[in-house]
Amino acid sequence: MKSYFVFLLLAFPVLAGDVVITIRPDVPGVQSRFQIGVTHTHYYWEYGHAEAVARARALLSGNCAFQNQHIMGWGVGNPEPESGVFYWNDLDRRVDLLNSLASGGDRLMLTLCSAPGWMKEAGDWDMENRVTDGHVSDFVELCTQIADRYRDVTWFQVWNELKGYWSSSLNNWDYIRYTDMYNQVYEAIKAVRPDALVGGPYIVIQGDGGEELGKSGRDTFVPIGSRDWAVLDYWLKNKKGADFLCFDYGLVDYHDP
């Protein structure tokens, strides 16, 4: 991971008398490549107040570079309620929404999370459970079906915030088990969609830098903490491939009042 720092230097000769500095806001010094994206959640689009939905559509249409939707939950039902039995209605509708709002066809993203309950051996909406080892191949097949069905979607993010992958014995995320699942999904999608862009690991970066300001307590250490680096280092060294890296980070940690 690289960090980029931009320094703006104003240089002028030191002369006797007054010095005039001219600011030229019309002349850019650097150009940002930052792009805004939005993740659609719950059933706002389907059941929200009609006028509010119309205003949101007008605001987002063409103004957000990336439009993202999870494959199950966050407004979408179970895409495979039984093994080999697929239900696409909800996801079809949401992908149509992404298309209607996107500023370009290459800016559509699906987050490959969560999974049907029978793959997690938990309830469908128990979102904090990972795919069990015995059902990783089933999840990979579901992801492959999705990538093949939605060929107008370019970006595929594997899982969400490492949900369910916490290891008490490691006192860290189970990055070995996650990376194994990621690699299988990556290879399967690339086999049917060489054009698709696949990435991860979507880890939550914990440090908020508050330690430098004299604060103490949970998550106040300087980012990125050693535990996060262990996950990122392992994934970067052992992934089969990746077209992008994604992580979750809040500018102000929610534990910090």
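Quick caveat: nothing in here was measured; it's all calculated off a predicted structure.

What counts as what
- Numbering of residues starts from 1 in every chain and runs along the sequence as written.
- Totals for whole chains, interfaces and linings use all residues, but because this is a predicted model, local features are given only for residues with pLDDT of at least 70 and pairs of side-chain atoms are given and counted only at 80 or more.
- Side-chain measures here rest on the full set of heavy atoms in the structure, leaving out hydrogens and waters.
- Secondary structure elements follow DSSP: runs of H or I no shorter than four residues count as helices, runs of E no shorter than two count as strands, and numbering proceeds from the N terminus.
- Given a helix with a known number of residues, its expected span is that number minus one, times 1.5 Å.
- Under the scheme applied here, a residue whose accessible area is under 20% of the maximum for its type counts as buried, over 50% as exposed, and between as partly exposed, the area being computed with a 1.4 Å probe on protein chains only.
- Taking the helix axis as origin, the arc is that swept by the directions to the C-beta atoms.
- Throughout, a contact is declared for two residues whenever any of their heavy atoms are within 4.5 Å.
- Criterion for a disulfide: a pair of cysteine sulfur atoms within 2.5 Å.
- Strand pairing is assigned whenever DSSP identifies at least 2 bridges connecting the two strands.
- To obtain an axis, a line is fitted to C-alpha atoms, over the contacting stretch when the element is a helix, and the angle between two such axes runs from 0 to 180 degrees between their N-to-C directions.

A closer look at helix 7 (residues 226-238)
Alright, step 1. Between its terminal C-alpha atoms helix 7 stretches 18 Å, which fits the 18 Å expected from 13 residues at 1.5 Å a residue.
Alright, step 2. All of the buried residues in helix 7 are D228, V231, L232 and W235. Here the buried residues of helix 7 occupy an arc of 90° about the axis, which is enough to place them on one side. Opposite the buried face of helix 7, by more than 90 degrees, sit the exposed residues S226 and K237.
Alright, step 3. Looking at the buried residues of helix 7, the elements they touch are strand 6 (172-173), helix 6 (175-192), strand 7 (197-204) and strand 8 (244-248).

Describing the state of the cysteines
Alright, step 1. One pass over the full model with this rule turns up zero disulfides.
Alright, step 2. C113 carries a free sulfur, and the closest cysteine sulfur to it, the one in C143, is 9.6 Å from it.
Alright, step 3. We classify C113 as buried; its relative accessible area is 0%.

Quick word on the sheet that holds strand 8
Alright, step 1. What the six strands build is an open sheet, ordered 1-2-3-4-7-8; its pairing is parallel. With one partner strand each, in any of the chains shown, strand 1 (37-40) and strand 8 form the two edges of the open sheet. With strand direction ignored, the average angle separating the axes of adjacent strands in the sheet is 25°.
Alright, step 2. The sheet contact formed by strand 2 (residues 66-70) and strand 3 (residues 108-112) spans four bridges and is parallel. If you follow Q67 over to strand 3, its bridge partner there is L108.

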